[in-house]
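Summary of structural features
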Amino acid sequence: DAKTTQPTSMDCAEGRAANLPCNHSTISGNEYVYWYRQIHSQGPQYIIHGLKNNETNEMASLIITEDRKSSTLILPHATLRDTAVYYCIVRVAGAAGNKLTFGGGTRVLVKP
Amino acid sequence: DTGVSQDPRHKITKRGQNVTFRCDPISEHNRLYWYRQTLGQGPEFLTYFQNEAQLEKSRLLSDRFSAERPKGSFSTLEIQRTEQGDSAMYLCASSLLGRTDTQYFGPGTRLTVL
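These figures come from a predicted structure and were not determined experimentally.

Quick look at the overall build of chain A now. For chain A, the count of helices and strands is 0 helices and 9 strands. Relative to the globule expectation of 13 Å for 112 residues, the C-alpha radius of gyration of chain A, 13 Å, shows essentially globular dimensions. Overall size of chain A, expressed as C-alpha extent along the three principal axes, is 40 × 30 × 25 Å. Pairs at least 24 residues apart make up 56% of the contacts formed inside chain A by residues separated by at least 6 positions. With the model as given, the accessible surface of chain A reaches about 5600 Å², and the carbon-plus-sulfur share is 49%. The positive charge centre, built from 11 side chains, and the negative charge centre, built from 9, are 5 Å apart in chain A.

Right, here's the structure in full:
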């Protein structure tokens, strides 16, 4: 699986949008971009994934650049409960894919 | 959909003892994964099953580790002769093989080896 690069940490203000960048310059055509987050001492929580189109669900939006070499996870209105480590992962999906390879992630601190 | 469950949530054991963890996946999910996470690091893949078959094992999975999924439903992970270096969070995830095969994680079992 391709590697990803994320900022080590970032702060954001409660109620504001949080934009989390991820670089995946070596992504292959059949690899999806997945985002997970992990709140302290809990298992990782799935947020969203996408292939090349922008995606939105009840938790977040995922913006993927046209060349697919980078993406941004947007939390539209950050709350204190969004404080967590956010992982950006690229992975082949379906029968050909299996494990998730986690990097260091971005430690996000939402401040009042 | 009750989510992935793991038991126990916490385990403290003495070095040299054997421990066994259980994972119950989301109903009808045919893939099940085990990961290990040490303090300050992201989860690392250990092994995964598709139905009953164990399809891949990481080199992190030493001979002291064994995982089973006998009926294609729940899975167990056993560690024999535990060492202090085995102290970690052991995470289980499950997925339904399909177009995207999204993995959903359980709460984990935190192992402390004294």
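Here the narrative resumes, following the displayed structure.
In this section: the layout of surface pockets. A volume near 500 Å³ is recorded for the largest pocket. Around the largest pocket, the lining comprises 24 residues; the ones closest to its centre are A:H40, A:V85, A:R107, B:Q37 and B:G40. Contributing elements (two or more residues each) for the lining of the largest pocket: β8 (84-92) and β9 (106-111) of chain A together with β9 (88-95) of chain B. Of the residues assigned to the lining of the largest pocket, the class counts are 8 nonpolar, 14 polar and 2 charged. Of the volumes computed, that of the second largest pocket is approximately 210 Å³. Lining the second largest pocket, in full, are A:K99, A:L100, A:T101, A:F102, B:Q41, B:G42, B:P43, B:E44, B:F45, B:S58 and B:L60. Of the residues that constitute the lining of the second largest pocket, the class distribution is 5 nonpolar, 4 polar and 2 charged.

What follows covers the state of the cysteines. If you walk through the whole model with that rule in mind, you get 2 disulfides over all chains. Bridging A:C22 to A:C88, the disulfide has an S-S length of 2.1 Å. When the S-S torsion is -80°, as for the bridge of A:C22 with A:C88, the disulfide is left-handed. On the criterion of sequence distance, the pair formed by A:C22 in strand β2 (residues 18-23) and A:C88 in strand β8 is long-range, its members being 66 residues apart. Accessibility assignment for this pair places A:C22 and A:C88 in one class, buried. Residue pairing for B:C23: its cysteine sulfur links by disulfide to B:C92, the two sulfurs lying 1.8 Å apart. Measuring handedness by torsion sign, the sulfur bridge of B:C23 and B:C92 sits at about -65° and is left-handed. Placement of B:C23 in strand β3 (residues 19-24) and of B:C92 in strand β9 is noted, with a sequence separation of 69 residues between them.

Glancing now at the nonpolar core. All names here are of chain A. One finds L20, V33, W35, I47, L73 and Y86 to be the most contacted residues of the largest nonpolar core, which totals 21 residues. Within the residue set of this core, elements represented by two or more residues are β2, β3 (31-38), β4 (45-50), β6 (61-64), β7 (70-75), β8 and β9. Counting residues per element, this core draws most heavily on β8, which supplies 4 residues. Dropping the residues within four chain positions of it, L73 is found in contact with A18, N19, L20, W35, I47, I48, A60, S61 and Y86.

The rules behind each value
- Residues numbered from 1 in each chain as written.
- Chains lettered and ligands numbered in written order.
- Predicted model: local features only at pLDDT ≥ 70, side-chain atom pairs only at ≥ 80, totals over all residues.
- Heavy atoms only, no water.
- Helix = DSSP H or I, 4+ residues; strand = E, 2+ residues; numbered from the N terminus.
- Rg over C-alpha atoms; globule rule 2.2 N^0.38 Å.
- Contact = heavy atoms within 4.5 Å.
- Areas by Shrake-Rupley, 256 points an atom, 1.4 Å probe, with all protein chains shown as cover.
- Lys, Arg positive; Asp, Glu negative; His and termini not counted.
- Charge placed at Lys NZ, Arg CZ, Asp CG, Glu CD.
- 1 Å grid on protein atoms, 1.4 Å probe; cavity = no way out; pocket = protein on both sides within 12 Å on 5 of 7 lines; lining within 4 Å.
- Points joined across faces, edges and corners; volume = space filled by probe spheres on them.
- Nonpolar A, V, L, I, M, F, W, Y, C, P; charged D, E, K, R; others polar.
- Disulfide = S-S within 2.5 Å.
- Buried < 20%, exposed > 50% of the residue type's maximum accessible area, 1.4 Å probe, protein only.
- Core = buried A, V, L, I, M, F, W, Y, C linked by side-chain atoms within 4.5 Å.

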